[in-house]
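Descriptive analysis of the structure
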Amino acid sequence: MTQVELAGSTGLSPATVSNIVKELTASGLLHTSFTSRSGRRATLVSLARQVGLVAGVHFSSRHLRIAIADATRTTVTQTTLPLPLDHRHDAELDRLSLLLGDMMESLGGSVTDLLAVGLALPAPIDPRTGMVSTPGLLRGWEGVDVAESLTSRIGRPVHVDSEANLGGLAEAREGAGRASRSSVFIRIGHTISAGIIVDGDLFRGVNGKAGQIGHVTLDENGPICRCSNRGCLETYAAGPALLSLFPPGEGMQRLGDLLQAAESGDGSSRRVIADAGRHIGVAAASLCNLFDPELIIVGGELGLAGELLMAPMRHSLERTALASADGLPEIVEASFGEWAETRGAIATALDQVAVDAQTLPITA
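Residues numbered from 1 in each chain as written. Predicted model: local features only at pLDDT ≥ 70, side-chain atom pairs only at ≥ 80, totals over all residues. Heavy atoms only, no water.

Tallying secondary structure elements over the protein gives 11 helices and 12 strands in all. Dimensions of the protein, computed from the C-alpha atoms along their principal axes, are close to 75 × 50 × 40 Å. Burial analysis of the protein (364 residues in total) assigns 50% to the buried set. Of all intrachain contacts in the protein linking residues separated by at least 6 positions in sequence, the fraction that spans at least 24 positions is 61%. Total accessible area on the protein is roughly 16800 Å²; 50% of this is exposed by carbon and sulfur atoms. Within the protein, one finds 29 positive and 40 negative side-chain charges whose respective centroids are separated by 2 Å. (Helix = DSSP H or I, 4+ residues; strand = E, 2+ residues; numbered from the N terminus. Buried < 20%, exposed > 50% of the residue type's maximum accessible area, 1.4 Å probe, protein only. Contact = heavy atoms within 4.5 Å. Areas by Shrake-Rupley, 256 points an atom, 1.4 Å probe, with all protein chains shown as cover. Lys, Arg positive; Asp, Glu negative; His and termini not counted. Charge placed at Lys NZ, Arg CZ, Asp CG, Glu CD.)

Structure (C-alpha cells):
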C-alpha cells in the first residue's frame, strides 16, 4: 500500500504514517519505493525481504514444485521437476534438501536463512502426528514424521499438510475463494481430493481425512481402488483411470498428453474428460449436501481442462445436489493452476512464524 492508503486505512495522519514508515524502514522491517497513483508520485510501502524468506514445497504424485517467497508472499524463485511414480520419502527429501540449498545460494543466502518450510503431500495428513493418516494412499511415505525428517536434514521448522488442504488454503486466502467464507477446493490429477474451508478455516477432521472425495463410492461393485475399496471416484475419474482407456500405442502416458489432445480437438480425449467431469460432479453433490459451501474451486492438472471438465460437473450437480433458495454453489477454475498447493504451503509456513522487531537494530 502507499503511505496515503495506509493513512486512510488506519485513520492516522499522513505525517504520523510517514514518521512510522521512516522508523520501521530504518529498523529493517519495511521497504519503500516510488510508484504512481492517479498520475501522482506516491511512496509504496512493503515488508522488507530481509525480514525473512519461507519455502513452499509440493510433492504431487508426478511432480515436485518448490517456491521461495518473502514475507509479502511474493515468489522470488521457483522450480519444478518430474517425479517417478511411487517415489520414496528418503530419496526425495534428500533431493529437496539439496535443491533448497541451491535455490537459497542463488539468492545470496543459505538454507539457514529460511524462517520455515511448508510442505504439501498427495495424501491425508493426521494433524496430531504429522504422518500419512491412511495406509495405502502414499506408499513410501507411510509411518514417517515427514516434518521431523526434513527438519533433521535442513535444520529449519517444517509444517506438513495434504495438497488439497493447502491448495484450498491458497485459493481461500488470495485466489478464487477469497470472497467466500466457505468453499471446497477439488484437486483433480493423478489422484482426487478436496480441501474444505468452513468459516474461513480449514476443516481437517479428527485424522486429517476430511475431503477425501476421491474415495467416495460411486459403484460398490466397481473396480478395486488403491484404498482397497470398490468403485471409488478415483477408479473412474483420476489420471490413471482416464489414461487406461486409451490403447498403449496412442501415446497417452500423462495427463498432459490427454489435455493436449483434447485442446487439439480429439473427440475421444474430450469425451473422456467430460465423462470424468460428470462423475466428479456426482461426488461433489454429496460433498455439497454435507458441507453446503458457497463455492467449488477446481484445480489440479486436470482442472486445466476448464469448461470441458467443469460444464459436465455443473450438470451433475444440478441433477443430484439439494438446491437452496440461493441456488447451487458456483463452480470456478482455480486462480493459481498447478501452483495453488505451493502457494498454500507458503501461506502455512508464514502462519507459523513471527517477526520480532526487537531482534532487529532500531535506530534512535
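Below, the discussion takes up the sheet that holds strand 8 (residues 183-188). The pairing of strands in a sheet comes from backbone hydrogen bonds and takes either a parallel or an antiparallel form. The strand order across the open sheet formed by five strands is 10-9-8-11-12, and the pairing between neighbours is mixed. Single-partner strands in this sheet number two, and they are strand 10 (201-203) and strand 12 (330-333). Taken pair by pair, the neighbouring strands of this sheet meet at an average axis angle of 30°, ignoring direction. Bridge analysis of strand 11 (residues 295-299) against strand 12 gives four bridges, and the strand direction is parallel. (Pairing = 2+ DSSP bridges. Axes fitted to C-alpha atoms, helices over the stretch in contact; angles between N-to-C directions.)

Structurally, the protein comprises domain 1 (3-47), domain 2 (53-165 + 342-352) and domain 3 (176-334). Between the C-alpha centres of domain 1 and domain 3 there is a distance of 44 Å. (Domains from an automatic or database assignment.)

The next subject is helix 10 (residues 307-320). Compared with an ideal rise of 1.5 Å per residue, which puts 14 residues at 20 Å, helix 10 spans 19 Å between its outermost C-alpha atoms and is within 8% of the ideal. In this structure, the buried residues of helix 10 make contact with strand 8, helix 9 (267-291), strand 11 and strand 12. (Expected span 1.5 Å × (residues − 1).)

Going through the model one piece at a time under the given rule, you end up with 16 salt bridges. Residues Arg271 and Asp275 are paired through a salt bridge, measuring 2.9 Å at the closest nitrogen-oxygen approach. On the criterion of helical spacing, the pair formed by Arg271 and Asp275 is a turn pair, its members being four residues apart in helix 9. In this structure, a network of salt bridges that share partners links the residues Arg73, Glu174 and Arg343. (Salt bridge = Lys/Arg side-chain N within 4 Å of Asp/Glu carboxyl O.)

This part covers the packing of helix 5 (residues 163-174) against helix 11 (residues 340-351). For any two helices packed against each other, one specifies the inter-axial angle together with the distance between the axes. Across the interface, helix 5 lies against helix 11 with an axial gap of 7 Å and an inter-helix angle of 80°. Looking at the two axes, helix 5 sits roughly perpendicular to helix 11. Between helix 5 and helix 11, the contacting residues are Glu163, Leu166, Gly167, Leu169, Ala170, Glu171, Arg173 and Glu174 on the first element and Ala340, Glu341, Arg343, Gly344, Ala345, Ala347, Thr348 and Asp351 on the second. (Parallel < 35°, antiparallel > 145°, perpendicular 65-115°, else oblique.)

Burial of nonpolar side chains together is a common tendency in soluble globular proteins. Grouped together as the largest cluster of nonpolar side chains are 38 residues, with contacts concentrated most on Ile186, Ile192, Leu258, Ile280, Leu302 and Leu309. With nine residues, the single largest contributor to this core is helix 9. Sequence-distant contacts of Leu258, defined by excluding residues within four places in its chain, comprise Leu242, Leu243, Phe246, Met252, Ser269, Val272, Ile273 and Leu302. In terms of nonpolar packing, the next biggest core, distinct from the first, is built from 35 residues, Ile68, Leu99, Leu137 and Val158 among them. (Core = buried A, V, L, I, M, F, W, Y, C linked by side-chain atoms within 4.5 Å.)

Moving on, we come to the packing of helix 3 (residues 89-106) against helix 4 (residues 146-154). It is the contact of helix 3 with helix 4, at a shortest axis distance of 10 Å, that shows an interaxial angle of 45°. The pairing of helix 3 with helix 4 is recorded here as oblique in orientation. For the crossing formed where helix 3 meets helix 4, the hand is right-handed. Across the interface between the two elements, His89, Asp90, Leu93, Asp94, Leu96, Ser97 and Leu100 of helix 3 pack against Val146, Ser149, Leu150, Arg153 and Ile154 of helix 4. (Left-handed = near helix turned anticlockwise from the far one by under 90°.)

Pairing is mixed across the open sheet formed by five strands, whose spatial order is 5-4-3-6-7. If you trace the sheet from one side to the other, it starts and ends with strand 5 (75-82) and strand 7 (158-162), each paired once. Each strand of the sheet is rotated relative to its neighbour by a mean of 15°, with strand direction disregarded. In this fold helix 4 packs onto strand 6 (114-121) and strand 7, with an angle of close to 145° to the strand it touches most, strand 7.

A few words now on the environment of Pro223. Following the sequence through the fold, Pro223 ends up in the loop between strand 10 and helix 6 (234-237). Since its relative accessible area comes to 37%, Pro223 is described here as partly exposed. For the pair Pro223 and Ile280, spaced 57 residues apart in the sequence, the C-alpha separation amounts to 16 Å.

In this structure the tally under the stated criterion is two aromatic pairs. Judged by centre distance (5.1 Å) and plane angle (55°), the ring pair of Phe59 and Trp141 falls under tilted. With Phe59 in strand 3 (residues 53-59) and Trp141 in the loop between strand 6 and helix 4, this pair connects stretches of sequence that are 82 residues apart. You can call Phe59 buried: its relative accessible area is 0%. What makes Trp141 buried here is its relative accessible area of 0%. Residues Phe203 and Phe291 carry aromatic rings whose centres are separated by 5.5 Å and whose planes lie at 55° to one another, so their mutual orientation is tilted. In this pair, Phe203 sits in strand 10 while Phe291 sits in helix 9, placing the two residues 88 residues apart along the sequence. In this structure Phe291 comes out as partly exposed when scored by relative accessible area, which is 30%. The cationic tip of Arg65 hangs over the ring face of Trp339; the distance from NZ or CZ to the ring centre is 5.9 Å. In this arrangement the basic side chain of Arg343 is found over the ring face of Phe336, its NZ or CZ atom lying 5.4 Å from the centre. (Phe/Tyr/Trp six-rings, centres within 6.5 Å; stacked < 30°, edge-to-face > 60°. Lys NZ or Arg CZ within 6 Å of the ring centre and 35° of its normal.)

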